[in-house]
Amino acid sequence: MDRQPPTRTTTTGRPTAPVRVTAQDVTAPAVRHRSRAVAAALAAAVLGAAALAGCSSSGKPNGAIASAVEKGASAAASAAASAISAAASAAASAVGSAAGGLSSAAGAAAGGLSSAVASAEAAASSAIAGVKGGLDAKADVAAGAVTTTPDGKAEVPLTVTNPEQQANRYVIQINFTDASGNVLDATAVTVSDVAAGQSAQATARSNRDLTGTVKAVVSNAVRY
């Protein structure tokens, strides 16, 4: 038999309307699911719009982003160029300093050599000038071939012939030169008591080591 809905009575004892039981709304969960789907779709649309905002319709970066990329690339290139230029300048400066040092060293060495040669020539000339009443006797002296001693010095044999009717002494200046005639060294040789009409042998030796082609020149000679 059918069950009747329960009734309620008031305080006055009169019955009220039956209490109706409402069935659960089975469509409610479906509505909530659709709301969530719509929210997700809207969020995706917003994200997509934000992503598309950075790109043009062709898929390329828009003007602002392209400008930023271009500026970044330009700054990087400028920094790289500056670094390369600085490195090149430093290398060039180092090479220039090294070359300057070598040039200075070579100049100092050349200056020292010139000074030594000048001093040797001055000493030999002074020996000639110190002879009082001496007569020019360059024609009396003949120089042979230059050889090198075991200790590196250049030496040359000299033949002195006295044309006078009396014995004479000689002071001879020998200059050692290179193949171009540049003086490399100089020395003075004294030959004593060369008999009248006779010849004597002597040897001239350089003051320092000489290399290459070396010649000997009778620069001056006097007899007395």
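Here we summarise the structure given alongside this text. (Residues numbered from 1 in each chain as written. Predicted model: local features only at pLDDT ≥ 70, side-chain atom pairs only at ≥ 80, totals over all residues. Heavy atoms only, no water.)

## A few points about the environment of Ala202
And then number 1: Along the polypeptide, Ala202 turns up in strand E7 (residues 199-209).
And then number 2: We classify Ala202 as buried; its relative accessible area is 13%.
And then number 3: Through-space distance from the C-alpha of Ala202 to that of Val160 is 7.6 Å; in sequence the pair is 42 residues apart.
And then number 4: Here Ala202 is in contact with Val156, Pro157, Leu158, Val189 and Val191, once residues within four sequence places are set aside. (Helix = DSSP H or I, 4+ residues; strand = E, 2+ residues; numbered from the N terminus. Buried < 20%, exposed > 50% of the residue type's maximum accessible area, 1.4 Å probe, protein only. Contact = heavy atoms within 4.5 Å.)

## Description of the pairing of strand E6 (residues 183-194)
Consecutive side chains along a regular strand alternate between the two faces of the sheet.
And then number 1: As defined by bridge partners, strand E5 (residues 168-177) adjoins E6 across nine bridges and the pair is classed as antiparallel. Within E6, the residue paired with Ile172 across the bridge is Val189.
And then number 2: A loop of five residues connects E5 with E6, the two strands running antiparallel in sequence, and Gly181 in this loop sits at a positive phi of about 90 degrees. (Pairing = 2+ DSSP bridges.)

## A closer look at the pairing of E5
And then number 1: By the criterion of burial, E5 is predominantly enclosed, with nine of the ten residues buried.
And then number 2: Judged from the eight bridges that link them, E5 and strand E8 (residues 215-223) form a sheet pairing that is antiparallel. Pairing of Gln173 across the sheet is with Asn220, part of E8.

## What about the sheet that holds E5?
Strand pairing in a sheet takes place through backbone hydrogen bonds and is either antiparallel or parallel in direction.
And then number 1: Pairing is antiparallel across the open sheet formed by four strands, whose spatial order is E1-E8-E5-E6. With partners counted over all chains shown, the strands left at the sheet margins are strand E1 (135-136) and E6, one partner each.
And then number 2: Bridge count for E1 against E8 is two bridges, and the pairing is antiparallel. Pairing of Asp136 across the sheet is with Val222, part of E8.

## As for unusual backbone geometry
And then number 1: A positive phi angle is found at Asp193, which is not glycine, with a value near 50 degrees.
And then number 2: Position of Asp193 relative to the elements: it lies in strand E6.

## Digging into the side chain of Arg223
And then number 1: For Arg223, the location among the structural elements is in strand E8.
And then number 2: One polar contact links Arg223 to Asp140, side chain to side chain, over a distance of 2.6 Å.
And then number 3: At a separation of 2.8 Å, a polar atom in the side chain of Arg223 contacts the side chain of Glu164.
And then number 4: When residues no more than four places from it in sequence are discounted, the contact partners of Arg223 are Gly134, Leu135, Asp136, Ala137, Asp140, Pro163, Glu164, Asn168, Arg169 and Tyr170. (Polar contact = N/O pair within 3.5 Å; in protein donor to acceptor, adjacent residues only side chain to side chain.)

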